[in-house]
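Observations on the model geometry
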Amino acid sequence: MIICMEIVQKLYQMFILGCKGNNLEYALNKGLGGVIFFKDDILSKDDFKNLIKRLSCHAKIMPFFSIDQEGGRVERTENIWGKKKYISAKFAYEKGIDFLESQTQQISEELRDYGINLNFAPCCDVNTNPKNPIIGERAFSDNPNDVILGAKTVIRNYKKNGIISCIKHFPGHGDADCDSHLTLPTINLSLDDMEKYHIKPFKSLIELGIVDMVMVAHLNCKCFDDDVIPSTLSKNVINYLRKFYDGVICSDDMVMGALDNYENACERSIIAGVDMFIYRNSEDKTIEVIENIAEKAKSSKLLQERIEAAYERIMNLKKNYSLINS
């Protein structure tokens, strides 16, 4: 029974849940790994800071308090009256490295003041498809070398300010022609082209030793799988990434249209090698997903091994940022 309880707590560490629903405090008491905030959760500066403080009191282990604060189209604090509006990665980069560094410094200070310790940024996608409906100006450029330079500047600034950054969306969302929030995009490029353009920023940044976390997108990449399968569920994609990266791998939001046709998606993704999972809510269905996997893990050595490995990576990252004691 003690072993099972440990596995349950370690499994909960693998999840980052949103505020919508009635189970967030319950999940924090069980050992939830993180909380993600969206614009409807953030109506004033003081209320937001108090929300984070209150949630901290329910946490068994200090959570990742996380947000998507890229600037431009993706800025979750936009409802706070009178708050400065940031510009997107593309336009910030075009203004020059000094401007990009200054804006990132301001975002870092703002997030730190709220109590946020994890930002799902920067986008390291190379926006090679002008008709891409989801990336566009969120990417620094359509040139991988510019993406590397822009992302390196942002990551180092976050790190200097004690903010964990998560680069996204591996293996690259830049050539997509549809939105993975709605359906599963297909990337029909050769592995050579993927490596030359889309994977290059991720690999280069990882090799610099500055990457804390990598988010995997819900993409069907033909160069990795003959079957139609999202990258987040693909052993081939995750094993490829593991050849040069041994840190925390997280999923994009698991409540997205790209996964609508995939049963047991989270369990399959755990087995594929993903460490953490974002669910934009903490509704009953989300808790059922976690606890059904916990029940299966009691009799599955493979699931237990995957949970143990993910838990170790998550704990190491939290220790590196002093979220828990070494």
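Structure: see above.
Residues numbered from 1 in each chain as written. Predicted model: local features only at pLDDT ≥ 70, side-chain atom pairs only at ≥ 80, totals over all residues. Heavy atoms only, no water.

Quick word on the overall build of the protein chain
Summing up its helical and strand segments, the protein chain has 12 helices and 12 strands in all. By the compact-globule yardstick of 20 Å for 326 residues, the protein chain fits well, its C-alpha radius of gyration being 19 Å. Each principal axis of the C-alpha distribution contributes one length, and for the protein chain these read about 55 × 50 × 35 Å. Evaluated residue by residue, the protein chain yields a buried proportion of 58% over its 326 residues. Counting only carbon and sulfur atoms, one obtains 46% of the accessible surface of the protein chain, whose full area is about 13900 Å². Distance from the positive charge centre (41 side chains) to the negative charge centre (46 side chains) of the protein chain: 3 Å. (Helix = DSSP H or I, 4+ residues; strand = E, 2+ residues; numbered from the N terminus. Rg over C-alpha atoms; globule rule 2.2 N^0.38 Å. Buried < 20%, exposed > 50% of the residue type's maximum accessible area, 1.4 Å probe, protein only. Areas by Shrake-Rupley, 256 points an atom, 1.4 Å probe, with all protein chains shown as cover. Lys, Arg positive; Asp, Glu negative; His and termini not counted. Charge placed at Lys NZ, Arg CZ, Asp CG, Glu CD.)

What to know about the layout of surface pockets
Here the largest pocket defines a volume of roughly 570 Å³. Met 254, Ala 265, Tyr 279, Lys 285 and Val 289 are, among the 21 residues lining the largest pocket, the residues nearest its centre. Counting only elements with at least two residues in the lining of the largest pocket, the list comes to helix H10 (265–272), strand S12 (276–281) and helix H11 (284–297). Among the residues forming the lining of the largest pocket, the class breakdown is 10 nonpolar, four polar and seven charged. Roughly 380 Å³ of internal volume is contained in the second largest pocket. Taken together, 21 residues line the second largest pocket, and the ones lying closest to its centre are Val 74, Arg 76, Arg 138, His 181 and Arg 280. For the lining of the second largest pocket, the secondary-structure elements that each account for two or more residues are strand S7 (164–170), strand S11 (248–253) and S12. (1 Å grid on protein atoms, 1.4 Å probe; cavity = no way out; pocket = protein on both sides within 12 Å on 5 of 7 lines; lining within 4 Å. Points joined across faces, edges and corners; volume = space filled by probe spheres on them. Nonpolar A, V, L, I, M, F, W, Y, C, P; charged D, E, K, R; others polar.)

Some remarks on the pattern of salt bridges
Tallied over the entire structure, the rule returns 22 salt bridges. The partner of Lys 83 in a salt bridge is Glu 110, and the shortest N-O contact between them spans 3.4 Å. With Lys 83 in the loop between strand S5 (74–75) and helix H4 (89–94) and Glu 110 in helix H5 (residues 97–114), this pair connects stretches of sequence that are 27 residues apart. Accessibility expressed as a relative area gives 10% for Glu 110, which makes it buried. Here Asp 212 ties to Lys 159 by a salt bridge, and the two come within 3.0 Å at their closest N and O atoms. Of the two residues, Asp 212 is situated in the loop between helix H8 (200–207) and strand S9 (213–216) and Lys 159 in helix H6 (residues 144–160); the sequence distance between them amounts to 53 residues. (Salt bridge = Lys/Arg side-chain N within 4 Å of Asp/Glu carboxyl O.)

Overview of the pairing of S11
Burial within S11 is extensive, with six of its six residues counted as buried. Sheet topology note: the S11/S12 ladder contains two bridges and is parallel. Counterpart to Cys 250 in the pairing with S12 is Met 276. Crossover S11 to S12 through H10 is right-handed. (Pairing = 2+ DSSP bridges. Right-handed = clockwise from strand over helix to strand, strands pointing away.)

A look at the packing of H11 against helix H12 (residues 301–320)
The geometry of H11 relative to H12 is characterised by a closest axis approach of 8 Å and an angle of 120° between their N-to-C directions. Taken as axis vectors, H11 and H12 run oblique relative to one another. For the pair H11 and H12, contact is made by Ile 293, Lys 296 and Ala 297 and by Leu 303, Gln 304 and Ile 307, respectively. A class-by-class count of the residues in the contact of H11 with H12 yields four nonpolar, one polar and one charged. (Axes fitted to C-alpha atoms, helices over the stretch in contact; angles between N-to-C directions. Parallel < 35°, antiparallel > 145°, perpendicular 65-115°, else oblique. Contact = heavy atoms within 4.5 Å.)

Quick look at empty space enclosed by the protein
The final tally for this structure, using the stated rule, is one cavity of 30 Å³ or more. Approximately 140 Å³ is the volume attributed to the largest cavity. Lining the largest cavity are 16 residues, and of these Glu 70, Ala 89, Pro 122, Phe 140 and Val 154 sit closest to its centre. Those elements that provide at least two residues to the lining of the largest cavity are strand S4 (69–71), H5 and H6. Considering each element in turn, the lining of the largest cavity owes the most residues, four residues, to H5. Partitioned by chemical class, the residues of the lining of the largest cavity number nine nonpolar, five polar and two charged.

Section: the environment of Lys 196
The residue Lys 196 is located in helix H7 (residues 191–198) in this model. C-alpha of Lys 196 to C-alpha of Gly 150: the two residues are 46 residues apart in sequence and 18 Å apart in space.

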